[in-house]
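Coordinate analysis (summary)
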Amino acid sequence: MKYRPFGKLGWDVSALGFGAMRLPVIEKDQSKIDESEAIRMIRHAIDQGVNYVDTAWPYHGGNSEPLVAKALEDGYREKVKIATKMPSWLIQKAEDFDHYLNLQQERLQTDCIEFYMAHGLNKTRWPALKEMGLLEWAEKAKADGRIEFFGFSFHDDYDAFKDIIDGYDKWDFCQVQYNYVDTDFQAGRRGVKYAAERDVAVIVM
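Predicted, not measured: the structure shown is a model, and the values here were computed from it.

1. Focus on the packing of helix α3 (residues 64-71) against helix α4 (residues 95-108)
Axis separation between α3 and α4 bottoms out at 7 Å; the angle between their running directions is 40°. With respect to their mutual orientation, α3 and α4 come out oblique. Contact residues: α3 offers Glu65, Pro66, Val68 and Ala69, while α4 offers Gln104, Arg107 and Leu108. Classifying every residue of the contact of α3 with α4 by side-chain character gives four nonpolar, one polar and two charged.

Structure, rendered in structure tokens:
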């Protein structure tokens, strides 16, 4: 496995992470994960050097986070860092930040989520969450050890991406859609370069 410095965070991340959004399922039902096969796959990836496992609140009908927790039993938790995402669309008031983080800690069976993201920020969600105190809350969650690093995943255009990056000088990382075909899609190559210029680590979904 190849590893790369993860922005300014002082940690080397595997060039490939393991995403738990499209795990094998039973009878084509996305909410019914084939647990034994999914756990085998995740552990095999870790055995080959993967050290970053990504999940989120809604994946597989809410069953991805608990499955990841099961996969990371038997000593595997100590080999990886977990990334998951706050369900931004469910946040209606400031108290919801703690509510969902607490539930996600329970689902993932961990006291600290290393990489925590506001899920799917865009030009409408960003100002609403910011107004509710997202950034102040995140700094407190980092200070008390419930999360280690804070970032966001993104689906919108470059201008919205730039506004979000410029709107907070303590972003640790971001996650963007980017591939060989869609170099100009959403944040695109310009966004990847802009984040790097601002010392914000980039994960490609």
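2. Remarks on a nonpolar patch on the surface
On the surface, a cluster of nonpolar side chains totalling about 320 Å² of accessible area is made up of Met1, Tyr3 and Leu16. With respect to the secondary-structure elements, Met1 resides in the segment before β1 (3-5). Classification of Met1 as partly exposed rests on a relative accessible area of 43%.

3. Topic: the side chain of Glu114
Within the fold, Glu114 resides in strand β8 (residues 113-121). Take Glu114: its relative accessible area is 10%, and that puts it in the buried class. Looking at Glu114, its side chain comes within polar contact range of the side chain of Arg77, at 2.9 Å. Side-chain polar atoms of Glu114 contact the backbone nitrogen of Ile82, separated by 2.9 Å. The contact partners of Glu114, leaving out residues within four places of it in the chain, are Arg77, Val80, Lys81, Ile82, Glu148 and Phe149.

4. Remarks on the packing of aromatic side chains
What the rule picks out here adds up to 18 aromatic pairs. Aromatic pair Trp126 and Trp171: ring centres 5.7 Å apart, planes at 50°, arrangement tilted. On the criterion of sequence distance, the pair formed by Trp126 in helix α5 (residues 125-131) and Trp171 in the loop between α7 (158-166) and β10 (173-176) is long-range, its members being 45 residues apart. Summarising the burial analysis for this pair, Trp126 and Trp171 share the class buried. An aromatic cluster is present here, built from Trp126, Phe150, Phe152, Phe154, Phe161, Tyr168 and Trp171 joined pairwise through their rings. Across the ring face of Tyr76, the terminal group of Lys79 is positioned such that the distance to the ring centre comes to 4.6 Å. Between the NZ or CZ atom of Arg190 and the centre of the ring of Tyr158, over which it lies, the distance is 3.8 Å.

5. As for the pattern of salt bridges
Where charged atoms from two side chains of opposite charge approach closely, those side chains can pair. Per the stated rule, a full pass over the model turns up 15 salt bridges. Lys170 is the partner of Glu139 in a salt bridge, and the nearest nitrogen-oxygen pair spans 3.7 Å. Linking Glu139 in helix α6 (residues 134-143) with Lys170 in the loop between α7 and β10, this pair joins segments that are 31 residues apart in sequence. Here the salt bridges do not stand alone but share partners, grouping Asp98, Asp144 and Arg146 into one network.

6. Looking at the pairing of strand β7 (residues 81-86)
For β7, the tally of buried residues reaches six of six residues, placing the bulk of the element in the interior. As paired strands, strand β6 (residues 52-54) and β7 are joined by three bridges and run parallel to one another. Bridge assignment links Val53 to a residue of β7, and that residue is Ile82. Across four bridges, the pairing between β7 and β8 is parallel. Looking at β8, one finds that Thr84 is bridged to Tyr116. Handedness of the crossover joining β7 and β8 through α4 is recorded here as right-handed.

7. Digging into the pairing of strand β11 (residues 201-204)
Alternating residues of β11 divide into Ala201 and Ile203, all buried, and Val202 and Val204, none buried. Here four bridges tie β10 to β11, and the two strands are oriented parallel to one another. In the strand pairing of β11, Val176 is matched with Val204. Between β10 and its parallel partner β11, the chain crosses via helix α8 (residues 188-197), and the hand of that crossover is right-handed.

What counts as what
- Numbers given to residues run from 1 along each chain, matching the order in which its sequence is written.
- Per-residue local features are limited, in this predicted model, to residues with pLDDT of at least 70; the limit for side-chain atom pairs, both in listing and counting, is 80 or more; totals at the level of whole chains, interfaces and linings are taken over all residues.
- Hydrogens are left out, water is left out, and the side-chain values use all remaining heavy atoms of the structure.
- Angular values range over 0 to 180 degrees, each being the angle between N-to-C directions of two axes fitted as lines to C-alpha atoms, with helices fitted over their stretch in contact.
- Helix numbering and strand numbering both begin at the N terminus, where a helix is a DSSP run of H or I of at least 4 residues and a strand a DSSP run of E of at least 2.
- In this scheme, roughly parallel covers angles under 35 degrees and roughly antiparallel covers those over 145, while 65 to 115 is roughly perpendicular and the rest are oblique.
- Every residue pair with non-hydrogen atoms within 4.5 Å of one another is taken to be in contact.
- Gly is put with the polar residues, along with every residue not named as nonpolar or charged; the nonpolar set is Ala, Val, Leu, Ile, Met, Phe, Trp, Tyr, Cys and Pro, and the charged set is Asp, Glu, Lys and Arg.
- Surface patches are defined over residues having more than 30% relative accessible area and no salt bridge, joining like charges when they lie within 9 Å and nonpolar side chains (Val, Leu, Ile, Met, Phe, Trp, Tyr) when within 5 Å.
- Areas reported here follow the Shrake-Rupley algorithm with a probe of radius 1.4 Å; residue values treat only the protein chains shown as occluding.
- Think of a salt bridge as a Lys or Arg side-chain nitrogen and an Asp or Glu carboxyl oxygen that are within 4 Å of each other.
- Only protein chains enter the calculation, and the probe is 1.4 Å; a residue is then buried if its accessible area is under 20% of its type maximum, exposed if over 50%, and partly exposed in between.
- Definition of a polar contact: a pair of N or O atoms within 3.5 Å, with one able to donate and the other able to accept a hydrogen when the atoms are protein atoms, and with sequence-neighbouring residues admitted only if both atoms are side-chain atoms.
- Here a pair means two rings of Phe, Tyr or Trp (six-membered ring of Trp) with centres within 6.5 Å. Their orientation is stacked below 30 degrees between planes, edge-to-face above 60, and tilted elsewhere.
- In this analysis the charged atom, NZ for Lys or CZ for Arg, is taken to sit over a ring once it is within 6 Å of the ring centre and within 35 degrees of the ring normal.
- Pairing between two strands requires that DSSP report at least two bridges joining them.
- A right-handed crossover is one whose linking path, passing over the helix from the first strand to the second, runs clockwise when the strands point away from the viewer.

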